[in-house]
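Architecture at a glance
Listed here are the chains, written in short residue letters.
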Amino acid sequence: MNEKNKPTVLLEFYLKKLRLPTILREYASLAVVCREDRSDFPTYLLRLVERELLDREKRASEKRIKEAGFPVIKTIDTFDFKFQPSINEQLVRELMRGEYIDKKENVLFIGKSGAGKTHLACALAFAACAVGKHVRFYSVNGLVTELMESRDEKRLQRFQKQLQRLDLLVLDELGYVPFSKTGAELLFEVVSRAYEQQSLMITSNLPFEDWNEVFGSERLTGALLDRITHRCHIIEARDDSYRLEQAKKRVRQKRLQTNPENTATD
Ligand code: ADP
Ligand code: MG
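Residue indices begin from 1 for each chain and proceed along its sequence in written order. In the order they appear in the text, chains get letters beginning with A and ligands get numbers beginning with 1. Only residues with pLDDT of 70 or above have their local features reported here, since the model is predicted, and side-chain atom pairs are shown and tallied only from 80 upward, although totals for entire chains, interfaces and linings are computed over all residues. With hydrogens and water set aside, each side-chain value is computed from the structure's full complement of heavy atoms.

Section: the packing of helix H9 (residues 181-194) against helix H11 (residues 218-230)
It is the contact of H9 with H11, at a shortest axis distance of 10 Å, that shows an interaxial angle of 25°. Judged on the interaxial angle alone, H11 and H9 are roughly parallel. When you trace H9 past H11, the crossing you get is left-handed. Where H9 abuts H11, its residues Ala184, Glu185, Phe188, Val191 and Ser192 lie against Leu220, Ala223, Leu224, Arg227 and Ile228. Of the residues assigned to the contact of H9 with H11, the class counts are seven nonpolar, one polar and two charged. Axes, fitted as lines to C-alpha atoms, cover a helix only where it is in contact. Angles between the N-to-C directions of the axes lie from 0 to 180 degrees. Secondary structure follows DSSP: runs of H or I at least 4 residues long count as helices, runs of E at least 2 residues long count as strands, and numbering of each begins at the N terminus. The scheme is simple: roughly parallel for angles under 35 degrees, roughly antiparallel for over 145, roughly perpendicular for 65 to 115, oblique for anything else. What makes a crossing left-handed is the near helix being turned counterclockwise from the far one by less than a right angle; a clockwise turn instead makes it right-handed. Contacts are residue-level and defined by heavy atoms, with any inter-residue pair within 4.5 Å sufficient. Just so you know the grouping, Ala, Val, Leu, Ile, Met, Phe, Trp, Tyr, Cys and Pro go in nonpolar, Asp, Glu, Lys and Arg go in charged, and all remaining residues, Gly too, go in polar.

Right, here's the structure in full:
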């Protein structure tokens, strides 16, 4: 080995061992910049360490987002609050900060299909990942299926422990398909374990009085609602489906294109 290169080779070896990939990648080019700037050694070191820290936070955030399993990435910037004035925009913006997760509070979105519940749940959960929270997004039926499978395969406890390690558990689309008795009980257990320990975010097209229909038992539904709503932000979307309105708009535009005189329709 060339004597001249020995410190460089050793430095790179140690940087790898210490898992400092950004410093490894940038120490040489930043040395050139700092020499030109006449920066002193602590400044050079500080800049390098800052870059490593920023990159590390970015990598961790990307990992959390991947592990969260979002069906789509949605953000609040693309949500049109004017279209859905019944939604408390100020509350949604406040929830973006993620403090409700530190307080173990729940968030519940209630509203018709297409009202933007999943969009907002994704946006809030995404924001939670960005502020360092561990999140998992499930369609509620997907979670129930996984719970049943893990029970059949005798790994239910392990799965429940995995769920309990999360800061925020999103259960999307409660209400479309009723659960079996076992499914309802397994889901109830997830909710019970989460109570005051972690935050739940649930979206549903059903008003509370109809939750019986999916859980199949009044007693279980009562106990479940009691736990979920104890410390909970409820966001109601009372207006129409965004999807439907967009589709209607497209039809209107098409009609206008094919027959420009037809302006007075609907
Ligand atoms: P829900 O879960 O309430 O059934 P979604 O959140 O899936 O509805 O919304 C359906 C589609 O319409 C999605 O593509 C979503 O991004 C979009 N959408 C719904 N409401 C709005 C809104 N107010 N502004 C922008 N996009 C919206
Ligand atoms: Mg939805």
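Section: the coordination of the magnesium ion (ligand 2)
Any two of four tetrahedral donors ideally make an angle of 109.5 degrees at the metal, while pairs among six octahedral donors ideally make 90 or 180 degrees. Each metal site lists N, O and S donors within 2.8 Å (3.2 Å for Na, K and Ca). With water left out of the atoms, a site can look as if it is missing ligands. Protein-derived coordination of the magnesium ion (ligand 2) comes from Thr118 (OG1) and Glu173 (OE), at a distance range of 2.0 Å. Placement of the pair is Thr118 in helix H6 (residues 117-130) and Glu173 in strand S3 (residues 168-174), with a sequence separation of 55 residues. For Thr118, a relative accessible area of 22% corresponds to the partly exposed category. Look at Glu173 and you get partly exposed, because its relative accessible area is 34%. Burial here depends on accessible area, computed with a 1.4 Å probe over protein chains only, as a share of the maximum for the residue type. Under 20% is buried, over 50% is exposed, and the range in between is partly exposed.

Quick notes on the site of ligand 1
When we say a residue is near a molecule or strand, we mean one of its heavy atoms is within 4 Å of it. In the region of ligand 1, 15 residues are neighbours, and Asp80, Gly114, Lys117, Thr118 and His119 sit closest. The separation between an oxygen atom of ligand 1 and a polar main-chain atom of Gly114 is 2.6 Å. We define a polar contact as two N or O atoms separated by no more than 3.5 Å, with the added condition that, inside protein, one atom must be a possible hydrogen donor and the other a possible acceptor, whereas residues neighbouring each other in sequence contribute only through side-chain atom pairs. His119 places a polar side-chain atom, nitrogen or oxygen, 2.6 Å from an oxygen atom of ligand 1. Per-residue and other accessible areas were derived by the Shrake-Rupley procedure at a 1.4 Å probe size, with only the shown protein chains allowed to occlude residues. In the complex, 88% of the free accessible area of ligand 1, which totals 560 Å², lies under the protein chains. Breaking the shell around ligand 1 down by element, the ones donating at least two residues are H6 and helix H12 (242-258). Broken down by element, the residue count for the shell around ligand 1 peaks at three residues, all from H6. Among the residues forming the shell around ligand 1, the class breakdown is three nonpolar, six polar and six charged.

Everything listed is a geometric property; what it means functionally is a separate question.
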